[in-house]
Number of protein chains: 2
Amino acid sequence: AQAILGSGHLGITHLPLPTQTWAMAEPPAKKARVEGSMTLTYFPVFAKGLGPALCAELSGLAWKGNNDTGFDLSKWQALKDTGKPPFAQLPILEVNGMVIAQAIAICNYIGRVSGLEGKDDAEFATSQMVLAASEDLYMLMQIHQPTLFKSYNTGGKLGPEENKTFWAKVVPTEVGKLEKLLAASAGESFTSSGTTVGELYLFAILHQMKLCTPGFIDATPGLLKFYEKTKSLPGVTKVLEGKSAMGQMKQYFINASD
Amino acid sequence: AQAILGSGHLGITHLPLPTQTWAMAEPPAKKARVEGSMTLTYFPVFAKGLGPALCAELSGLAWKGNNDTGFDLSKWQALKDTGKPPFAQLPILEVNGMVIAQAIAICNYIGRVSGLEGKDDAEFATSQMVLAASEDLYMLMQIHQPTLFKSYNTGGKLGPEENKTFWAKVVPTEVGKLEKLLAASAGESFTSSGTTVGELYLFAILHQMKLCTPGFIDATPGLLKFYEKTKSLPGVTKVLEGKSAMGQMKQYFINASD
């Protein structure tokens, strides 16, 4: 394309082409890339659904969720039996005749079609780093923190002693790495927008961790500020308050009763 | 851009434009997006390095690895102490003045700048699904399979009984899901190229699993064929044989001595 638009191989250099050739040669606009509405389906809890819901809400694209479809836990077995979810798991995003599984894949897809992927290659890379680091944190929470459905010392989840060590030692180390990455950026977020899919996914896990241990990022002021700024965005507030297409989403990671 | 190239708003419909307008309006060519060589640094084992090495090799971009930098395990502490790796972890990819951490982020970055991300939104989504599912498999291996550095029942790794159950029950279920997704595609791979970053990352984990349990995908013939076809690609063979810029990479997951 560069050869055709810019170098005159086809003899069209006489055209009054703008100087910012590539800024114009963008992919089709987001509305052209997604037909109708996207539909996100997930259990009515935060867990792996909050990140995708935030991406959907902040994408500016039309989307439907549990509030529109009436999906809840009681309908999961029937949905699973249809074979529609590719990995027999939720969340799924139905869009353009496809069914996309895996929270990360859903976020990255939405990022790509809506412009939440970062404004350039460098921001894209940063968003992807933050996304992967957030998944690591989520996995650590799955191992250490009781949930609505799983207590200490059941099915791979460790016990209360390990939980104490987790919050006292592991978490500070991990959030310290994010603080360092944030400090290396120019502003108060990891990218210029602050709302790449990686950053929204990070917010989704930070929020769930804060519900368990409210002060856990008080010692990393940059990250705390990022968290609070993101939380105050109207679209984020809407999702957290249960007013988005997903309706109410419950807290998933919980504190074990002492 | 569509208005200018295709609809004649600027009075240029007389140009002999091809019908695939968007296929032409691609971002700048990959050589324009990466200055000089990318440098991948990782311990000389497969683990989380094989996927990024495959992506680098198949990207068609110039890249350097341990073979060029002389990096090995003995140099890790010194590198870590410089603070260069953003999360104090490997792999890292140095490119365009950035340091990108997290294997998944590295693969996605390479995919974006080299065209291994899928030819359209749908293929991109499929690649991302496969990528996330591969990470799930990798994590399951970390929990169940001994490695060069960690035996059964140490630091979160389960024991030999759980390992048996893993290969007998968990793995067949997981690879069955991939077989189903593959069956839904038009060809013998998940996308038209078969070499999106998601597919290369999947191959990287399948290969490591096969080194432990050679017959583990014999019951999923589509996936086995995908594995063998990918393995036979010259660039893949080159990496596996230790002839790429990364040099020799050792087997990481091992079978425990019975």
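What counts as what
Residues numbered from 1 in each chain as written. Chains lettered and ligands numbered in written order. Predicted model: local features only at pLDDT ≥ 70, side-chain atom pairs only at ≥ 80, totals over all residues. Heavy atoms only, no water. Domains from an automatic or database assignment. Contact = heavy atoms within 4.5 Å. Buried area = accessible area lost by both parts, 1.4 Å probe. Salt bridge = Lys/Arg side-chain N within 4 Å of Asp/Glu carboxyl O. Polar contact = N/O pair within 3.5 Å; in protein donor to acceptor, adjacent residues only side chain to side chain. Helix = DSSP H or I, 4+ residues; strand = E, 2+ residues; numbered from the N terminus. Nonpolar A, V, L, I, M, F, W, Y, C, P; charged D, E, K, R; others polar. Buried < 20%, exposed > 50% of the residue type's maximum accessible area, 1.4 Å probe, protein only. UniProt positions renumbered as here; feature names shortened; annotations may be inferred. Patch = residues over 30% accessible without salt bridge, like charges linked within 9 Å, V, L, I, M, F, W, Y side chains within 5 Å. Areas by Shrake-Rupley, 256 points an atom, 1.4 Å probe, with all protein chains shown as cover. Phe/Tyr/Trp six-rings, centres within 6.5 Å; stacked < 30°, edge-to-face > 60°. Axes fitted to C-alpha atoms, helices over the stretch in contact; angles between N-to-C directions. Parallel < 35°, antiparallel > 145°, perpendicular 65-115°, else oblique. Pairing = 2+ DSSP bridges. Core = buried A, V, L, I, M, F, W, Y, C linked by side-chain atoms within 4.5 Å.

If you look chain A up in an unreviewed UniProt entry, it shows as Glutathione transferase from Alexandrium monilatum.

*Asks:* Describe the domain arrangement of chain A, listing the residues and the values that go with them.
*Replies:* All names here are of chain A. As far as domains go, chain A holds domain 1 (38–114) and domain 2 (121–233). If you average the C-alpha positions of domain 1 and of domain 2, the two centres end up 22 Å apart. Each partner contributes residues to the interface: domain 1 has 15 residues there, and domain 2 has 15 residues. For the pair domain 1 and domain 2, the two sides together bury roughly 1300 Å², of which 77% comes from carbon and sulfur. Applying the counting criterion to the domain 1 and domain 2 interface returns one salt bridge. Between Lys-48 and Glu-135 there is a salt bridge, with the nearest N and O atoms lying 2.8 Å from each other. On the surface where domain 1 and domain 2 come into contact, there are three residue pairs in polar contact (both at pLDDT 80 or more). Elements represented by at least two residues in the side of domain 1 that touches domain 2 include exactly helix 4 (50–58) and helix 7 (103–114). Among the residues making up the side of domain 1 that touches domain 2, the classes are represented as eleven nonpolar, three polar and one charged.

*Asks:* Report on the side chain of Ser59(A), specifying residues and quantitative values.
*Replies:* Residue and element names in this part refer to chain A. Relative to the assigned elements, Ser-59 resides in the loop between helix 4 and strand 2 (63–64). By relative accessible area, Ser-59 is classed as buried at 1%. Looking at Ser-59, its side chain comes within polar contact range of the main-chain nitrogen of Leu-61, at 3.0 Å.

*Asks:* Give me the UniProt feature "domain: GST N-terminal" (unreviewed entry) in chain A: which residues, what numbers.
*Replies:* According to UniProt, the positions carrying the feature "domain: GST N-terminal" (unreviewed entry) are residues 36–118 of chain A. Counted over residues 36–118 of chain A, helix gives 39% and strand 17%. Its end C-alpha atoms are 24 Å apart.

*Asks:* Give me a nonpolar patch on the surface: which residues, what numbers.
*Replies:* A surface patch of nonpolar side chains, amounting to about 310 Å² of accessible area, comprises Leu73(A), Leu148(A) and Phe149(A). Following the sequence through the fold, Phe149(A) ends up in the loop between helix 8 (121–144) and helix 9 (160–183).

*Asks:* A description of the UniProt feature "domain: GST C-terminal" (unreviewed entry) in chain A should follow, citing residues and the corresponding values.
*Replies:* In the UniProt entry, the feature "domain: GST C-terminal" (unreviewed entry) is given for residues 120–253 of chain A. With 61% helix and 0% strand, residues 120–253 of chain A has its two end C-alpha atoms placed 35 Å apart.

*Asks:* Outline the packing of aromatic side chains, supporting the account with residue identities and numerical values.
*Replies:* All names here are of chain A. Under the definition given, this model contains 20 aromatic pairs over all chains. Judged by centre distance (6.4 Å) and plane angle (50°), the rings of Phe-43 and Phe-71 are tilted. Here the residue Phe-43 occupies a position in the loop between strand 1 (38–41) and helix 4, and Phe-71 occupies one in the loop between helix 5 (66–69) and helix 6 (76–82), the gap between them amounting to 28 residues. Each member of the pair, Phe-43 as well as Phe-71, carries the same accessibility label: buried. On the basis of an interplanar angle of 85° and a centroid distance of 5.8 Å, the ring pair of Trp-167 and Phe-216 is categorised as edge-to-face. With Trp-167 in helix 9 and Phe-216 in the loop between helix 10 (197–212) and helix 11 (221–231), this pair connects stretches of sequence that are 49 residues apart. Looking at Trp-167, the relative accessible area reads 14%, which means it is buried. What makes Phe-216 buried here is its relative accessible area of 11%. Of the aromatic side chains, those joined through ring pairs into one cluster are Tyr-42, Phe-43, Phe-71 and Trp-76.

*Asks:* Please set out the packing of helix 8 of chain A against helix 9 of chain A residue by residue, giving values where relevant.
*Replies:* Residue and element names in this part refer to chain A. Close contact between helix 8 and helix 9 brings their axes to 11 Å; oriented N to C, the two are set at 175°. Taken together, the axes of helix 8 and helix 9 lie roughly antiparallel to each other. Of the residues in helix 9, those touching helix 8 at Val-130, Ala-133, Leu-137, Leu-140, Met-141 and His-144 are Glu-162, Asn-163, Phe-166, Trp-167, Val-170, Glu-174, Leu-178 and Leu-181.

*Asks:* Please give an account of the sheet that holds strand 2 (residues 63–64) of chain B that cites residues and values.
*Replies:* All names here are of chain B. An order of 2-1-3-4 is seen for the four strands of this open sheet, with the pairing classed as mixed. Edge positions in the sheet fall to strand 2 and strand 4 (98–101), since each of these pairs with one other strand and no more. Sheet analysis places strand 1 (residues 38–41) next to strand 2, joined by two bridges and oriented parallel. Looking across to strand 2, one finds that Met-38 is bridged to Trp-63. Those strands touched by helix 7 (residues 103–114) are strand 1, strand 3 (92–95) and strand 4, and its axis lies near 125° from that of strand 4.

*Asks:* Got a sec to walk through the nonpolar core? Specific residues and values, please.
*Replies:* Counting residues in each nonpolar core, the largest one holds 152 residues, and the members touching the most others are Ile100(A), Leu202(A), Leu223(A), Ile100(B), Tyr109(B), Leu202(B) and Leu223(B). Ignoring anything within four residues of it in the chain, the contact list for Tyr109(B) reads Asp121(A), Phe124(A), Ala125(A), Arg33(B), Val34(B), Leu93(B), Val95(B), Asn96(B), Met98(B) and Ile100(B).

*Asks:* Report on the sheet that holds strand 1 of chain A, specifying residues and quantitative values.
*Replies:* All names here are of chain A. With mixed pairing, four strands are arranged side by side in an open sheet as 2-1-3-4. Each edge of the open sheet carries a strand with a single partner, namely strand 2 and strand 4 (98–101). Packing against the sheet, helix 7 makes contact with strand 1, strand 3 (92–95) and strand 4, and its axis sits at approximately 125° to strand 4.

*Asks:* So, the pattern of salt bridges: which residues are in play, and what are the values?
*Replies:* Within the structure shown, the criterion is met by 22 salt bridges over all chains. One salt bridge in this structure joins Glu188(B) and Lys225(B), with 3.3 Å as the shortest N-O distance. Of this pair, Glu188(B) sits in the loop between helix 9 (160–183) and helix 10 (197–212) while Lys225(B) sits in helix 11 (residues 221–231), placing them 37 residues apart in sequence. Judged by its relative accessible area of 38%, Glu188(B) falls in the partly exposed class. For the salt bridge of Glu241(B) with Lys243(B), the shortest nitrogen-to-oxygen distance reads 3.2 Å. One salt-bridge network, held together by shared partners, links Arg33(A), Arg112(A), Glu117(B) and Asp121(B).

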